[in-house]
Amino acid sequence: MTTLAPGYDPKSFESRLYAQWEASGAFAPQGDGPAYTILLPPPNVTGTLHMGHAFQHTLQDALIRYHRMRGYRTLWQMGTDHAGIATEMVVSRNLAIEGKGETRDSLGREKFIEKVWEWKQHSGDTIERQMRRLGASGDWSRSVFTMDPMASAAVTEAFVRLYEEGLIYRGQRLVNWDPVLKTAISDLEVVNEEENGHLWSIRYPLADGAAFEYVEHDADGNEVLREVRDYVVVATTRPETMLGDTAVMVHPEDPRYRDLHGKAIQLPLTGRRIPVITDAYVDRAFGTGVVKVTPAHDFNDYAVGQRHGLPLINVFTDEAKIVATRADIPAQYHGLDRFDARKAIVADLEAAGLLVEVAPHKLQVPRGDRSGQVIEPFLTDQWFVKMDDLARRGLELVESGEVKFVPPNWINTYRHWLENIQDWTISRQLWWGHRIPAWFDDEGRVYVGRSEAEVRARHGLGDAPLRQDPDVLETWFSSALFPFSTMGWPDAQNMQARGFDTFLPTAVLVTGFDIIFFWVARMIMLTDHLVGRVPFRDVYITGLVRDKDGQKMSKSKGNILDPLDIIDGIDLETLVAKRTTGLMQPKMAEKIEKATRKEFPEGIKPHGADALRFTMAALAGPGRDIKFDLARAEGYKNFCNKLWNATRFALMNVGEASFDGAPQPQTDAERWILAQLDRTCREAAEHFASYRFDLLAQCLYEFAWNQVCDWFIELAKPALGGAEASTAASTRHTLLYVLDALLRLLHPLIPFITEELWQAVAPRLGKSGSIMLQPYPQAGAIDADAYTQAAADIEWLQAMVTALRRIRSELGVSPAKQIALLLRGGSAEDAARIARFDAQLRFLCKLERIEAITGEPPAAAPAVVGELQLFVPLQGLVDLDAERARLDKELAKVGAEKAKSEAKLAKFGPGVPAAVVEQERQRLADWSSKLAALTAQRARLG
């Protein structure tokens, strides 16, 4: 008798099972099979599990569990990223909340770093705990934090080697600068948002009393303006940066400004002379066709400045205030914040009669995703990696197929980025992170080495004063080394202990398209360059998880779903508070609360981890956007419940019986389901190989729900309750055998329920242990070809049952009421099948009798299966007068649609597209066929 609970309750076993799995050591690589490795994209140590994590982690775990069951030596290499900026912000915020007056700066570097490590010890592993709740079967014993000693040693070694090869250098260039955090940040940490701004048109006087004749024409070439000007008009969205202008620029072929080539400008407010230069970069159709060039404060201007040898004039401090160190900048601007300076400069330009116009203007404003502040292109001394040769090699590795993108179209994104690459800024002005292994002497000379002691010994510096570079490396640098820093590189002993030669390259990287350049490309380039291997064979690019309407999930929109809330449930009030607390725009709280109460009037019910995982797999089709609808998760929770009930039914009907080996089927139903099982095994392997998790989920869902639960269990009931003992025993064996295989097929996607159910099924098949260590079902274990005829016969039976159930449904006849079945026509094979499946038809369709006829049937509801005509007499089942009235009404409706279609076709002229004509002809054929069937049905009722 079954020991399963009456109902499916994931809370009762999910956490228990995970604890057992982890304690058993089964997540570690086992056996001597071929290696299969996946590298977890290390989530930020500050992070919590979000829907994107849940999506990608589900797919990675499915691949790991599948290959573990296939006998591979699987390693899912876990880890977390130290997240420099995010972690400093979290710890600084915690210090403020404590209210002791301590800040990052008041503590100093060493004390602040101690605080960070304290926080990491107590709160920093939240996301790993949450991943366990989702069922992630990674080897936690090998988890690597990017600031761990082993990983840190790899970072230092990589930096030193690249520096010694001339690939790392220190230089002054423009970077994205956050003036609040006072550090350079990567492009990925910049969010460009369209905002309302202004376009200021400013008069720049020509120097030396020069003038030119300005002529303007309209679009048709007609002259509309001719005048002599001693100035040009420059339009800008950032007037404050004009203090750093080093040229104005026109297009070399613009006839309006041909006489200005080689002239000079008297830069307003500063008195500096700057040249007029020509460059094809200028868009003649935008604005006045005259552009100011500020190389130290604009990335495009920087490139222009490099082409023309222009000086770089930085007018901002690291806090985005006007510098007080330049004599040509009026004193009244010194120390002003950039936006206050903008107001003062605009006012002074207007007072001087140089402000021509101020117009509203939409512009893309770059903001730091951490601080929310406007990002400045800022000229600073930073450390860079030369990328040209590395990028060339990185592209070669993908073009040659050594690394393969799935879907393959993402190679175009990869190629575009690498072909337009710039040197990589790797330094950050933070305290938390890998300190750059470089030391400066009092003369400013730099020495790079693995330690200060090595630097002193190598360069004979003795006791000379040295100071280490205060900057740290950006986290993308250490993350780029993760494929091999997690394997003990460069220490030979560590590499051997951690299986460097076994587990690198990894099999597949599962990640998002948004970090193909920032992480994927850099891993490919640096792994190849430093250890001579590719980091992974496949790169499976997932889409982004959006809400059910296709909107990006964000705190500001109030549409974020927490995976744990879907797994464990959350009441409405807690959900509202969660979505409306800590908003950057508090005014949005009311709107978000209203939308949340409308969408989730009862909060979110618990669905369990398996339902969420199956939803994620089912949505994982090729493409960029994934619309997550909670209704899908509810549907897959019902699927889990169906699986639970089917297992309970099987166990109750098997009783204490047990079986060994494969069944020897005695019924067509058994042969059919075994053939379907073999087909499903083959399809599952194909879908895993092609990373089509959506098709995998669909194929397994259909097999479990439709074929096993809805059909085989129903078809098995007559045999299970019949008098033939051997047939009943065979059916019980097949039922258990198929259920065992089904649970193993589903395990990589829904591990918890399959483990719980399998533990109840396994002893009856002489199996024990954990389902996660059982072999994954393979096609070919069953001689499906021998069951071809049985499969065809059962498909015929299914068609018969479906037709009769449809009649019942259309007539509103109770499923329990006995009906008669009259048969006419058909083949000899139909007659043989009727005889063979007599008991099943009577049982499944509640038939009181089955009778063959040759003449016209009495008033009856008809159906057709192949050449066989089916009739269910209506006498005693329905009100014949009411049925006649219903059919008359339906005949009128269908006749009207047929006439409408005929009229439409008659009006079509020769200009109507052939596809439209063909579509209408098909509609007419459908209506005609339906009308003929209804007419025949009505005729039978008299």
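So, a few notes on the structure that sits alongside this text. Position numbers for residues start from 1 in each chain and track the written sequence from start to end. In keeping with the predicted nature of the model, local features appear solely for residues at pLDDT of at least 70, side-chain atom pairs appear and are counted solely at 80 or more, and the whole-chain, interface and lining totals rest on all residues. In computing side-chain values, all of the structure's heavy atoms are included and hydrogens and water are not.

### Here's the deal with the overall build of the chain
For clarity, the cut-off: Helix and strand definitions here come from DSSP, where helices need a minimum of 4 consecutive H or I residues and strands a minimum of 2 consecutive E residues; each element is numbered from the N-terminal end. Summary of the burial criterion: residues with accessible area below 20% of their type's maximum are buried, those above 50% are exposed, and those between are partly exposed, where the area comes from a 1.4 Å probe applied to protein chains only. Throughout, a contact is declared for two residues whenever any of their heavy atoms are within 4.5 Å. Here, Shrake-Rupley sampling with a 1.4 Å probe gives the accessible areas, and only protein chains in the shown set may cover a residue. Here Asp and Glu are counted as negative and Lys and Arg as positive; His is not counted, and neither are the chain ends. One atom stands in for each charge, and that atom is NZ of Lys, CZ of Arg, CG of Asp or CD of Glu.
The helix and strand inventory of the chain stands at 31 helices and 31 strands. In terms of overall dimensions, the chain has a C-alpha envelope of 115 × 80 × 55 Å along the principal axes. For the chain, the proportion of its 942 residues judged to be buried stands at 53%. A separation threshold of at least 6 residues defines the contact pool for the chain, and within that pool the share at least 24 residues apart is 78%. A total accessible area of about 41000 Å² is found for the chain, and carbon and sulfur atoms account for 49% of it. Separation of charge centres in the chain, based on 109 positive and 127 negative side chains, amounts to 4 Å.

### Some remarks on the nonpolar core
Our working definition: We define the nonpolar core as a collection of buried residues of types Ala, Val, Leu, Ile, Met, Phe, Trp, Tyr and Cys that are connected through side-chain atoms lying within 4.5 Å of one another.
Judged by nonpolar contacts, the single largest core of 154 residues is most densely connected at Phe-628, Phe-693, Met-800, Leu-841 and Leu-870. The element contributing the most residues to this core is helix α24 (residues 693-720), with 15 residues. When near neighbours in sequence (up to four residues on either side) are disregarded, Phe-693 contacts Leu-59, Ala-62, Leu-63, Tyr-540, Ala-617, Ala-620 and Phe-688.

### Observations concerning the sheet that holds strand β13 (residues 291-293)
Keep this limit in mind: Following DSSP output, two strands are said to pair if at least two bridges run between them. The axes are straight lines fitted to the C-alpha atoms, using for helices just the contacting stretch, and the angles between their N-to-C directions are given from 0 to 180°.
Pairing is mixed in the open sheet, where four strands are placed in the order β11-β12-β10-β13. Because the sheet does not close on itself, it has two edges, and the strands there are β11 (264-266) and β13. Going from strand to strand, the sheet's axes swing by 35° on average, the running direction of each strand aside.

### Some details on the sheet that holds strand β23 (residues 472-473)
Here three strands make up an open sheet; going across it, the order is β18-β23-β19 and the pairing antiparallel. The two strands at the open ends of the sheet, each matched to only one other strand, are β18 (427-428) and β19 (434-435). Judged from the two bridges that link them, β18 and β23 form a sheet pairing that is antiparallel. Across the sheet, residue Ser-427 finds its bridge partner in β23, namely Leu-473.

### Quick notes on the packing of aromatic side chains
Just so we agree on the cut-off: Aromatic rings from Phe, Tyr and Trp, taking only the six-membered ring of Trp, are treated as a pair when their centres fall within 6.5 Å; an angle between ring planes under 30 degrees marks them as stacked, one over 60 as edge-to-face, and anything in between as tilted. Note on geometry: a ring has a charge over it if NZ (lysine) or CZ (arginine) is within 6 Å of the ring centre and within 35 degrees of the ring normal.
Within this structure, the stated rule accounts for 39 aromatic pairs. Taking the centre distance of 5.7 Å and the plane angle of 55° together, the rings of Tyr-540 and Phe-693 count as tilted. With Tyr-540 in strand β25 (residues 536-542) and Phe-693 in helix α24, this pair connects stretches of sequence that are 153 residues apart. Look at Phe-614 and Phe-639: their rings are 5.1 Å apart centre to centre, the planes differ by 35°, and that puts the pair in the tilted class. In this pair, Phe-614 is assigned in helix α21 (residues 608-619) and Phe-639 in helix α22 (residues 630-654), connecting sequence segments 25 residues apart. Phe-639 gets classed as buried once you look at its relative accessible area, which sits at 1%. Members of the aromatic cluster, connected to one another through ring pairs, are Tyr-66, Tyr-540, Phe-688, Tyr-691, Phe-693 and Tyr-776. Above the ring of Trp-431, the side-chain terminus of Arg-104 is found at 3.8 Å from the ring centroid. In this structure, Arg-173 packs its charged tip against the face of Phe-384, placed 5.1 Å from the ring centre.

### Focus: the environment of Val-346
In this structure, Val-346 sits in helix α9 (residues 338-351). Separated by 242 residues in the primary sequence, Val-346 and Arg-104 place their C-alpha atoms 37 Å from one another. Once residues within four sequence positions are removed from consideration, Val-346 is found in contact with Trp-200, Pro-239 and Leu-355.

### Details of the pattern of salt bridges
Counted only if it meets this: In what follows, salt bridge is the name for a side-chain nitrogen of Lys or Arg lying within 4 Å of a carboxyl oxygen of Asp or Glu.
A full pass over the atoms with the stated rule returns 67 salt bridges. As a salt-bridge pair, Arg-445 and Asp-441 come within 3.0 Å of each other at their nearest N and O atoms. Across the pair Asp-562 and Lys-578 runs a salt bridge whose closest N-O atoms are separated by 2.8 Å. Of this pair, Asp-562 sits in the loop between β26 (544-546) and α18 (563-568) while Lys-578 sits in helix α19 (residues 572-580); the two residues are 16 residues apart in sequence, bridging distant segments of the chain. Classification of Lys-578 by relative accessible area gives partly exposed; the value is 36%.

### Focus on the pairing of strand β6 (residues 190-205)
Pairing analysis gives 13 bridges linking β6 to strand β14 (residues 355-368), with the strands arranged antiparallel. For Ile-202, the partnering residue across the bridge sits in β14 and is Leu-355. Here β6 pairs with strand β9 (residues 231-236) via six bridges, running antiparallel. By the bridge assignment, Trp-200 is partnered in β9 with Thr-236.

### Structural notes on the state of the cysteines
So the rule is basically this: In this description, a disulfide is simply a cysteine sulfur pair whose atoms lie within 2.5 Å.
Tallying each qualifying case throughout the model produces zero disulfides. The thiol of Cys-699 is unpaired, and the distance to the nearest cysteine sulfur, on Cys-681, comes to 8.9 Å. The exposure class of Cys-699 is buried, given its relative accessible area of 9%. Left unpaired, Cys-845 is separated from the closest cysteine sulfur, that of Cys-709, by 19 Å.

### Re a negative patch on the surface
Here is the rule we go by: Patch definition: residues with relative accessible area over 30% and no salt bridge; like charges joined within 9 Å; nonpolar side chains (Val, Leu, Ile, Met, Phe, Trp, Tyr) joined within 5 Å.
A contiguous patch of negative charge on the surface is contributed by Glu-98, Glu-110, Glu-114 and Glu-118. Counting residues per element, the negative patch draws most heavily on helix α5 (residues 109-123), at three residues. When its relative accessible area of 41% is taken as the criterion, Glu-98 is described as partly exposed.

### Concerning the packing of α19 against helix α20 (residues 589-599)
Relative orientation and spacing of two packed helices are given, respectively, by the angle between their axes and the distance between those axes. The criterion, for reference: Should the near helix be turned counterclockwise from the far one by less than a right angle, the crossing is left-handed, whereas a clockwise turn marks it as right-handed. Polar here means any residue outside two lists: the nonpolar Ala, Val, Leu, Ile, Met, Phe, Trp, Tyr, Cys and Pro, and the charged Asp, Glu, Lys and Arg; Gly therefore counts as polar.
The contact between α19 and α20 brings their axes to 9 Å, and the two run at 145°. Pair α19 / α20 crosses with right-handed handedness. Facing α19, whose interface residues are Leu-572, Glu-573, Leu-575, Val-576, Arg-579 and Thr-580, α20 presents Ala-589, Ile-592, Glu-593, Thr-596, Arg-597 and Glu-599. Taken together, the residues of the contact of α19 with α20 break down into five nonpolar, two polar and five charged.

### Observations regarding the environment of His-217
Tracing the backbone through its elements, the reader meets His-217 in strand β7 (residues 212-217). Expressed as a C-alpha distance, the spacing of His-217 and Asp-926, which sit 709 residues apart in the sequence, is 64 Å. Contact partners of His-217, with chain neighbours within four places excluded, come to Asn-222, Glu-223 and Val-224.

### Things to note about unusual backbone geometry
Geometrically, the link from Val-406 to Pro-407 is a cis peptide bond, its omega value of -5° lying close to zero. Assignment of secondary structure puts Pro-407 in the loop between β16 (404-406) and α11 (410-419). Trp-489 connects to Pro-490 through a cis peptide bond whose omega is 10°. One non-glycine residue, Asp-208, lies in positive phi territory at about 65°. Position of Asp-208 among the secondary structure elements: in the loop between β6 and β7. A residue is classified by how much of its surface remains accessible, and Asp-208, at 66% relative accessible area, is exposed. We note that Ala-320 has phi near 65°; this positive angle belongs to a residue other than glycine. Within the fold, Ala-320 resides in the loop between α8 (299-308) and α9.

### Here we look at helix α17 (residues 516-531)
Short version of the rule: The reported bend at a residue is simply the angle between two axes, fitted to the 7 residues ending at it and to the 7 residues beginning with it.
At Arg-522, α17 shows its maximal kink, close to 25°. The buried fraction of α17 amounts to 15 of the 16 residues, a majority that puts the element mostly inside the structure. Just downstream of α17, Gly-532 is the residue with a positive phi angle, here 70°.

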